[in-house]
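One-letter residues, chain by chain:
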Amino acid sequence: MTSAAGAGRVAFDRSHTDDLIAFLQASPSPFHAVTSAAERLEKAGFRQVEETAAWEGTPGGRYLIRGGALIAWYVPAGATPATPFRIVGTHTDSPNLRVKPIPDTGRAGWRQVAVEIYGGVPLNTWLDRDLGLSGRLSLRDGSTRLVQLDEPLLRVPQLAIHLDRAVNDGMVLDRQQHITPVWGLGRVDEGSLIEYVAEAAGLDPAQVVGWDLMVHDIQPPSYLGRDRELLAAPRLDNLLSVHAATAALAAVATADGGVSGVAGTGSGAGGGGADLGCIPVIVGFDHEENGSQSDTGAQGPLLASTLERSVFARGGTLEDRARALAGTVCLSSDMGHAVHPNYSERHEPGHRPMPNGGPILKVNVNNRYATNGLGRAVFTAACERAGVPWQVFVSNNSMPCGTTIGPITAARLGIATVDCGIAALSMHSARELCGADDPFLLASVLKAFLES
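Residues numbered from 1 in each chain as written. Predicted model: local features only at pLDDT ≥ 70, side-chain atom pairs only at ≥ 80, totals over all residues. Heavy atoms only, no water.

In the annotation of an unreviewed UniProt entry, the entry for the chain reads Probable M18 family aminopeptidase 2, and the organism field reads Streptacidiphilus alkalitolerans. Comment text from UniProt for the chain, heading Cofactor (unreviewed entry), reads "Zn(2+)". (UniProt positions renumbered as here; feature names shortened; annotations may be inferred.)

Here's what the structure looks like:
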């Protein structure tokens, strides 16, 4: 761990993590996550803009939603068309099980739901859990309706050890055969799942023509450990970063610094951010867990188009856009790996991040992360301004390294990008684990970065 130079560690404010828990419970799908983030931005004075409408370039906070993606930005008084951006990039999706187009299936007298595996899922973590359903229904009139059923509807039952005596020598799960949840007994009744979900949402099933549904563990997040210093929760990767970025942007943009639980919100953003020399932006992309290649993913044009329209709305030109991007920096915030006590040999010996040790700088010289030496300077400066300790993560040379939206964003927009995150265990599991004060520390650093 590396301490922030010249500053004492900020005191842990549990109200931020309490609000994260509420955010996670309200956000079982990317569509719910952007709605939850938008609600918090609205309270800070942000207003939604439509992509099909003309945009104003006047000072203030704005956000747009497209599917499971959100972009929000704050234009301070005095901003010019060439004012650079400070961007925090995150993603709203998490690995899970998603409902297939023809969902009703079953065998041997059981009614089941056909699911497809989304992202890199450790399949065994979804066994023997009480699962609900959530997502988006598409209606005949072109509108959509969010649905969240926090009730024990589904379960992927594990085979009893009596029928698989070698299970503890190495479980092998077939992705097609063994991961189909049960949700009742009887014959397969085509259309019954969507009928049930539609009626639970108060809709006529005949009006539902499409769906983007997924399962979620209904066990709520909780503090864990003797001293309650850990947080166990679903979707920490990467809704923890979405929540931190939202809180940070709201704190920067609010005149009285009134976002409870973010370090330093009483200073630096006074006057609604009138003294900012940049335009703070947050983006929550969808589809990071399966490659980011979509209209709402980091490989799509959504962020570039939004930044360009912001420049043009303030009377700018292509030259102004180029100048603004030349001075822009992006902090890509995603979950990282804490050293695992039972598998410490899998980690790089000299870089072993710990929970509650502060955010981690993520480095990979093969550009799986976008951080370089200049990026390290940006990150450490933000940590020092926030008075927050920080750590460094590098993969073991014998282990392949994951990646983030960071390298994609750097290449897509041609902007300086830094990768950071929070140290966690059980990444991509149905239920993950991190330090309980790290969410607060991350939000503090993101705020310091956005107002720099």
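Novice: Is there a simple way to think about the sheet that holds strand E11 (residues 222-224) in this case?
Specialist: Strand-to-strand pairing in sheets goes through backbone hydrogen bonds, with the strands running parallel or antiparallel. What the 5 strands build is an open sheet, ordered E11-E12-E20-E19-E15; its pairing is mixed. Strands with a single pairing partner mark the edges of an open sheet, and in this sheet they are E11 and strand E15 (336-337). Bridging between E15 and strand E19 (residues 423-425) involves 2 bridges; their strand directions are parallel. Along E19, the bridge assignment pairs Gly 336 with Ala 423. Here helix H4 (residues 236-253) sits on the sheet in contact with strand E12 (230-233) and strand E20 (432-435), set at roughly 40° to E20. (Pairing = 2+ DSSP bridges. Helix = DSSP H or I, 4+ residues; strand = E, 2+ residues; numbered from the N terminus. Contact = heavy atoms within 4.5 Å. Axes fitted to C-alpha atoms, helices over the stretch in contact; angles between N-to-C directions.)

Novice: Even after reading the chapter, I still don't get the UniProt feature "binding site: Zn(2+)" (unreviewed entry) in the chain, so can you show me in this structure?
Specialist: Here the UniProt feature "binding site: Zn(2+)" (unreviewed entry) sits at His 91, His 162 and His 428. The largest pairwise C-alpha distance within this set of annotated residues, which runs over 338 residues, is 41.6 Å, so the set is dispersed in three dimensions. Those annotated residues from the list above that line the largest cavity are His 428. Following the sequence through the fold, His 162 ends up in the loop between strand E8 (144-154) and strand E9 (182-185). Turning to its location among the elements, His 428 is positioned in the loop between E19 and E20. Excluding residues that lie within four positions of it along the chain, His 428 makes contacts with Pro 95, Gly 120, Pro 122, Asp 237 and Glu 289. Reaching out from His 428, the side chain makes a polar contact with the side chain of Glu 289 at a distance of 3.2 Å. (1 Å grid on protein atoms, 1.4 Å probe; cavity = no way out; pocket = protein on both sides within 12 Å on 5 of 7 lines; lining within 4 Å. Polar contact = N/O pair within 3.5 Å; in protein donor to acceptor, adjacent residues only side chain to side chain.)

Novice: What exactly am I supposed to notice about empty space enclosed by the protein here?
Specialist: Any space left empty among the atoms is revealed by the rolling of a water-sized probe across them. Applying the stated criterion across every chain, the model contains 4 cavities of 30 Å³ or more. Lining the largest cavity are 22 residues, with Ser 94, Pro 95, Asn 96, Trp 126 and Arg 235 sitting closest to its centre. Every element with two or more residues in the lining of the largest cavity is listed here: strand E10 (208-217) and H4. If one sorts the elements of the lining of the largest cavity by residue count, E10 sits on top with 4 residues. Split into classes, the residues belonging to the lining of the largest cavity amount to 9 nonpolar, 8 polar and 5 charged. Taken as a whole, the second largest cavity holds about 50 Å³ of empty space. Surrounding the second largest cavity, Ala 33, Val 34, Ala 37, Leu 70, Thr 90, Thr 92, Val 242, Ala 245, Ile 282, Val 283 and Gly 284 form its lining. (Points joined across faces, edges and corners; volume = space filled by probe spheres on them. Nonpolar A, V, L, I, M, F, W, Y, C, P; charged D, E, K, R; others polar.)

Novice: What is the right way to read the packing of aromatic side chains from this model?
Specialist: Here the distance between the centres and the angle between the planes together describe a pair of aromatic rings. Counted under the stated rule, the structure contains 5 aromatic pairs. Measuring from centroid to centroid gives 6.1 Å for Phe 379 and Trp 390, while their planes differ by 90°, and the two rings are edge-to-face. With Phe 379 in helix H8 (residues 373-386) and Trp 390 in the loop between H8 and strand E17 (391-393), this pair connects stretches of sequence that are 11 residues apart. The two residues Phe 379 and Trp 390 agree in class, both being buried. (Phe/Tyr/Trp six-rings, centres within 6.5 Å; stacked < 30°, edge-to-face > 60°. Buried < 20%, exposed > 50% of the residue type's maximum accessible area, 1.4 Å probe, protein only.)

Novice: Honestly, unusual backbone geometry in this entry has me stumped. Any pointers?
Specialist: Comment: phi is negative for the bulk of residues other than glycine, and the bulk of peptide bonds are trans. Note the cis peptide between Asp 237 and Asn 238, where omega equals 10°. Among the structural elements, Asn 238 can be located in helix H4. Non-glycine residue Arg 235 carries a positive phi angle of around 65°. Counting through the fold element by element, Arg 235 comes out in the loop between E12 and H4. In this model, Asn 367 sits at a positive phi of 65°, which is unusual for a non-glycine residue.

Novice: Any chance you could explain the pattern of salt bridges here in plain terms?
Specialist: When the charged atoms of two side chains lie near each other, side chains of opposite charge can form a pair. A full pass over the atoms with the stated rule returns 13 salt bridges. The salt bridge involving Glu 345 is made with Arg 346; its shortest N-O contact spans 4.0 Å. (Salt bridge = Lys/Arg side-chain N within 4 Å of Asp/Glu carboxyl O.)

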